[in-house]
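Secondary and tertiary structure notes
Letter by letter, the chains look like this.
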Amino acid sequence: YKVCDIRPLFGYIFEDSIKEFDFWGYSDIDLFYGNLTKFFYDSNLLNEYDIISNRKYWLSGSFSLFRNCKEVNELYKLSKDWRKVVTESNTHHAFDELSRKVANNYIESLYIYPELEEGVPLETIKTRVEAFTQVVRLKNHGLRTRFEDTLMESLKGGVIIKYKSLNLFQI
């Protein structure tokens, strides 16, 4: 899980390897993808946004895309905690998404995802570290961002997925 803490640094770390690409991103390896060309190109999302998260309230560790430019690639530096995150080798901070919350001056083991889904404002929740979602959503950086639920991270009981002609459908 520690690699999740350095995902927001990938654009900076792999700068030479990705210099010919317009976007870079990160994704979990246990995913099925539908027609990404249709989703991103036909919808014009890549022209309209600099950062695309496939979750409504946070940057998705499951799948997020970032424009390959200096402003985006060095955005992680706006977190007051980024050095702590990358140097604490034995601690997983979930820096690519959201950190665990802090309550009554101690770190809870609970993530804040349910609170965000219930409408609790991100800026009112105290977390262990200032994670990348907080940087992207709360800091004034002038980048165009898109946060929208466009993926399923787990199938609920009875959900069936159908594959046909390079597309995935929920039936």
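Provided above is the structure to which this section pertains.
Below or above, wherever it landed, is the structure these notes cover.

Here is what the cut-offs are and how they apply
- Residues numbered from 1 in each chain as written.
- Predicted model: local features only at pLDDT ≥ 70, side-chain atom pairs only at ≥ 80, totals over all residues.
- Heavy atoms only, no water.
- Phe/Tyr/Trp six-rings, centres within 6.5 Å; stacked < 30°, edge-to-face > 60°.
- Helix = DSSP H or I, 4+ residues; strand = E, 2+ residues; numbered from the N terminus.
- Buried < 20%, exposed > 50% of the residue type's maximum accessible area, 1.4 Å probe, protein only.
- Lys NZ or Arg CZ within 6 Å of the ring centre and 35° of its normal.
- Core = buried A, V, L, I, M, F, W, Y, C linked by side-chain atoms within 4.5 Å.
- Contact = heavy atoms within 4.5 Å.
- Patch = residues over 30% accessible without salt bridge, like charges linked within 9 Å, V, L, I, M, F, W, Y side chains within 5 Å.
- Areas by Shrake-Rupley, 256 points an atom, 1.4 Å probe, with all protein chains shown as cover.
- Salt bridge = Lys/Arg side-chain N within 4 Å of Asp/Glu carboxyl O.

A few points about the packing of aromatic side chains
For the coordinates displayed, the defined rule picks out 10 aromatic pairs. Between Y26 and F66 the ring centres are 5.3 Å apart and the planes differ by 45°, which places this aromatic pair in the tilted class. In this pair, Y26 is assigned in strand β1 (residues 23–27) and F66 in strand β3 (residues 63–67), connecting sequence segments 40 residues apart. Among the residues examined, Y26 registers a relative accessible area of 4% and is labelled buried. Ring-pair connections join several aromatic residues into one group, and the members of that group are W24, Y26, F66, F95 and F132. Positioned above the aromatic ring of F147 is the side chain of R137, whose terminal nitrogen or guanidinium carbon lies 4.1 Å from the ring centre.

As for the nonpolar core
Generally speaking, a soluble globular protein has its nonpolar side chains buried in company with each other. Membership of the largest hydrophobic core comes to 21 residues, with the highest contact counts inside it found for I51, L59, F66 and F132. Sorting the residues of this core by element identifies β1, α6 (82–87) and α8 (132–138) as the ones contributing at least two each. For this core, the leading source of residues is α8, giving three residues. For L59, the residues in contact, after removing those within four places along its chain, are Y26, I51, S53, S64, F66, D96, E97, F132, T133, V136 and F147.

Some points on a nonpolar patch on the surface
A cluster of nonpolar side chains, namely Y12, I13 and F14, defines an oily patch on the protein surface of about 280 Å² accessible area. Along the chain, the position of I13 falls in helix α2 (residues 10–13). I13 gets classed as partly exposed once you look at its relative accessible area, which sits at 45%.

Comments concerning the pattern of salt bridges
All told, the structure shown has 11 salt bridges when counted by the stated rule. The closest approach of N and O atoms between D149 and R55, which form a salt bridge, is 3.5 Å. Here R55 lies in the loop between β2 (51–53) and β3 and D149 lies in the loop between β6 (145–147) and β7 (161–164), a separation of 94 residues in the sequence. Relative accessible area serves as the criterion here: at 11%, R55 is assigned to the buried category. Ionic contacts of the salt-bridge type, sharing partners, join the residues R7, D28 and D96 into one network.

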